[in-house]
Amino acid sequence: MDARKIRQDFPILRIRHNGKQIAYLDNAATTQKPRSVINAVKEYYENYNANVHRGLNFLSQKATDKYEEAHEKTARLINAKNSAEIVFTKNATESLNLLAYSLGEKISEGDEILLTKMEHHANLVPWQELAKRKKAKLVFAGITREGKLDLEDFALKIGNRTKIVSVTQASNILGTINPVKRLAKEAKKNGAIFIIDAAQSVPHIKIDAKGTGADFMAFSAHKMLGPTGIGVLWGKEEMLGEMPPFLTGGDMISEVTFEKSTWNKLPWKFEAGTPNIAGAIGFGAAIDYLKKIGFAGIRAQEQRLLKYGLKRLSEINGVKLYGPKAGERTGIIAFNLNNVHPHDVAGILDENAVAIRSGNHCAQPLMNEMGIQGVARASFYIYNTPEEIDRLADGIIRAKKVFGV
């Protein structure tokens, strides 16, 4: 895989800031878009913009075909049983909220919901609200000093009161990749529903939804070259069929009278109103692009960058790195520079056109668990190069000089 050749497909990577070409290292927040994705969205709006479903005109029929084609591409991407198991949402956050709402009927007072201490707020706050609503209890599996999930603690925390287990497959801070198959077996052994927050894993590693043993999985298009505003909820067809809809209104209905309504077939039962048609079509183009590269190549490229990045940053005195060793994590490096706020580090890097992210990264409980207020985070994808990591390291060294540490 030639990252330099790939970069030519991404118009935004040509821009300059303060006279320097951008080094975009904020891919865990959102990825840049190749020209094929941009063109797919542009083509929809220019050549067949129309609402989907039920329209008999040729524009609506083409839009519907392309929109449903995106469901099918997504199903094949993660090895779902069929496209009925693919619900398009706004993002992974909405997918998880949908689950917390629609699965709420299965929760009673005293039931337990098991999470981990490394969850993003999107896989924490919806369950907090459900627990409050139903007087259930949230339970958290701990993490080790190295930043891995404490599997012994997970096994201790799950029990016959556990009704839902929802875990991240890959931490957005530590990069830790959790053994979801093993966790799913524990959940099933105890009769619990098992959910994966896959926002940080589907873009980076080949996922077999059926093979994970999970019941549901959530992820977002914008973290894997697709447009913003389009997310995915995968769920087992029989379970989605039993669940009540999260939103109600147009398109998700089968029949409506003044007294009652019945629901549409899957996945449309959960896709109320006019969907993000352009976003879905753009996501289909992003899937095509990623499949041409291949997830083995994506994974290998990220591991090369991760290994080099960990080496370069570990050589800088005063830099503290977080997370497990390379090979057990995604292409994320969270770090702090002694006595310098991560926002200040990010500001110095931005002056040199190196884009990273800083703060608590929607994981405040994890920050508290680690005893820190926040971290600086560099995250890699298919178009990044070792030279950009050199610029990251040079920028950190400059920050040391500026702040006298």
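Above this note sits the structure.
Predicted, not measured: the structure shown is a model, and the values here were computed from it.

1. A few points about the overall build of the chain
From N to C terminus, the chain includes 14 helices and 17 strands. Scaling as 2.2 N^0.38, a compact globule of 405 residues should have a C-alpha radius of gyration of about 22 Å, and the chain matches this with 22 Å. For the chain, the spread of C-alpha atoms along the principal axes amounts to about 70 × 55 × 35 Å. Evaluated residue by residue, the chain yields a buried proportion of 56% over its 405 residues. Relative to all contacts within the chain whose residues are 6 or more apart in sequence, the contacts with residues 24 or more apart total 71%. Carbon and sulfur atoms form 49% of the exposed surface of the chain, whose accessible area is close to 17,500 Å².

2. Brief notes about the pattern of salt bridges
Evaluation of the coordinates by the stated rule reveals 21 salt bridges. The partner of Asp215 in a salt bridge is Lys188, and the shortest N-O contact between them spans 2.2 Å. Separated by 27 residues along the polypeptide, Asp215 in the loop between helix H8 (209–212) and strand E9 (216–220) and Lys188 in helix H7 (residues 180–189) bring together distant segments of the chain. Given the relative accessible area of 35%, Lys188 is considered partly exposed. One network of salt bridges, in which partners are shared, links Lys311, Arg312, Glu315 and Asp390.

3. Structural notes on the packing of helix H12 (residues 342–351) against helix H14 (residues 386–403)
H14 packs onto H12 with a crossing angle of 120 degrees between their chain directions and a minimal axis gap of 9 Å. Relative to H14, the element H12 is oriented oblique. Where H12 crosses over H14, the handedness of that crossing is right-handed. When H12 is examined against H14, the residues Asp344, Ile348, Leu349 and Glu351 are found in contact with a partner set consisting of Arg391, Leu392, Gly395, Ile396, Arg398, Ala399, Val402 and Phe403. For the contact of H12 with H14, the per-class residue count stands at seven nonpolar, one polar and four charged.

4. Brief notes about the environment of Ala399
Inspection of the secondary structure puts Ala399 in helix H14. Between the alpha carbons of Ala399 and Asp344 there is a distance of 8.0 Å; along the sequence they are 55 residues apart.

5. Examining unusual backbone geometry
A cis amide bond links Leu266 with the next residue in sequence, Pro267, at an omega value of 0 degrees. With respect to the helices, strands and loops of the structure, Pro267 is situated in the loop between strand E12 (261–263) and helix H10 (277–293). Here the phi dihedral of His53 falls at roughly 70 degrees; this positive angle occurs in a residue that is not glycine. By the element assignment, His53 lies in the loop between helix H2 (35–47) and helix H3 (58–78). Look at His53 and you get buried, because its relative accessible area is 17%.

6. Let's talk about the sheet that holds strand E7 (residues 162–168)
Strand pairing within a sheet occurs via backbone hydrogen bonds; the two strands may be parallel or antiparallel. Strand order in the open sheet formed by seven strands is E4-E10-E9-E8-E7-E5-E6, with mixed pairing between adjacent strands. Every other strand in the sheet has two partners, leaving strand E4 (86–89) and strand E6 (137–141) as the edge strands with one partner each. Put simply, the sheet's adjacent strands are angled 20 degrees from each other on average, direction ignored. Inspection of the sheet shows strand E8 (residues 193–197) paired to E9 by three bridges, in the parallel sense. Directly across from Ile196, in E9, lies its bridge partner Met217.

7. Comments concerning helix H11 (residues 295–314)
When the terminal C-alpha atoms of H11 are compared, their 28 Å separation across 20 residues agrees well with the 28 Å that a helix rising 1.5 Å per residue should span. Contacts from the buried residues of H11 go to helix H1 (3–7), H3, H10, strand E13 (319–322), strand E14 (332–337) and H14.

8. Focus on the pairing of strand E5 (residues 112–116)
A regular strand carries its side chains on alternate faces of the sheet. The buried fraction of E5 is high, at five of five residues. Along E5, one buried face is formed by Glu112, Leu114 and Thr116 and the opposite face, lined by Ile113 and Leu115, is buried too. In the sheet, E5 pairs with E6 via five bridges, with the strands oriented parallel. Bridge pairing in E6 links Leu115 to Phe140. Each parallel crossover has a hand, and for E5 linked through helix H5 (residues 125–134) to E6 it is right-handed.

9. Thoughts on H5
Every buried residue of H5 is listed here: Pro126, Trp127, Leu130 and Ala131. Buried residues along H5 cover an arc of 135 degrees about the axis, so they all sit on one side. Elements that come into contact with the buried residues of H5 comprise helix H4 (92–102), E5, E6, E7 and E8. Just beyond H5, the residue with positive phi is Lys135, at close to 60 degrees.

10. A few points about the side chain of Thr162
The topology assignment puts Thr162 in strand E7. Among the residues examined, Thr162 registers a relative accessible area of 1% and is labelled buried. Separated by 2.9 Å, the side chain of Thr162 and the backbone nitrogen of Gly159 make a polar contact. Residues in contact with Thr162, not counting those within four places in the same chain, are Glu112, Leu114, Lys157, Asn190 and Ala192.

11. Things to note about a nonpolar patch on the surface
Side chains of Val402, Phe403 and Val405 sit close together on the surface and give an oily, nonpolar patch of about 230 Å² of accessible area. Residue position: Phe403 is located in helix H14.

The rules behind each value
All residue numbers refer to position in the chain's written sequence, counted from 1. The predicted origin of the model limits local features to residues at a pLDDT of at least 70 and limits the giving and counting of side-chain atom pairs to 80 or more, whereas totals for whole chains, interfaces and linings rest on all residues. In computing side-chain values, all of the structure's heavy atoms are included and hydrogens and water are not. The helix count covers DSSP runs of H or I at least four residues long, the strand count covers runs of E at least two residues long, and both are numbered beginning at the N terminus. Radius of gyration here is computed from C-alpha atoms only, and the compact-globule reference equals 2.2 Å multiplied by the residue count raised to the power 0.38. For the exposure calls, accessible area comes from a 1.4 Å probe over protein chains only, and a residue counts as buried if that area is under 20% of its type's maximum, exposed if over 50%, partly exposed in between. Contacts are assigned to residue pairs with any non-hydrogen atoms lying within 4.5 Å of each other. Only the protein chains shown count as cover for residues, with accessible areas throughout obtained via the Shrake-Rupley method and a probe of 1.4 Å. Think of a salt bridge as a Lys or Arg side-chain nitrogen and an Asp or Glu carboxyl oxygen that are within 4 Å of each other. To get an axis, a line is fitted to the C-alpha atoms, and for a helix only the part in contact is used. The angle between two axes follows their N-to-C directions and goes from 0 to 180 degrees. The scheme is simple: roughly parallel for angles under 35 degrees, roughly antiparallel for over 145, roughly perpendicular for 65 to 115, oblique for anything else. It is the rotation of the near helix from the far one that decides the hand of a crossing: anticlockwise by less than a right angle makes it left-handed, clockwise makes it right-handed. The classification used treats Ala, Val, Leu, Ile, Met, Phe, Trp, Tyr, Cys and Pro as nonpolar, Asp, Glu, Lys and Arg as charged, and all other residues, Gly among them, as polar. Between any two strands, at least two bridges found by DSSP are needed for them to pair. A helix is expected to reach a length of 1.5 Å times the quantity of its residues less one. Call a crossover right-handed when, viewed with both strands pointing away from you, the route from the first strand across the helix to the second goes clockwise. Within this analysis, the arc is defined by the directions that extend from the helix axis to the C-beta atoms. Throughout this description, a polar contact denotes any pair of N or O atoms lying within 3.5 Å of each other; where both atoms belong to protein, one of them has to be capable of donating a hydrogen while the other can accept it, and for residues adjacent in sequence the pair is counted only when both atoms sit in side chains. Patch membership requires over 30% relative accessible area and the absence of a salt bridge. Like charges are linked within 9 Å, and nonpolar side chains (Val, Leu, Ile, Met, Phe, Trp, Tyr) within 5 Å.

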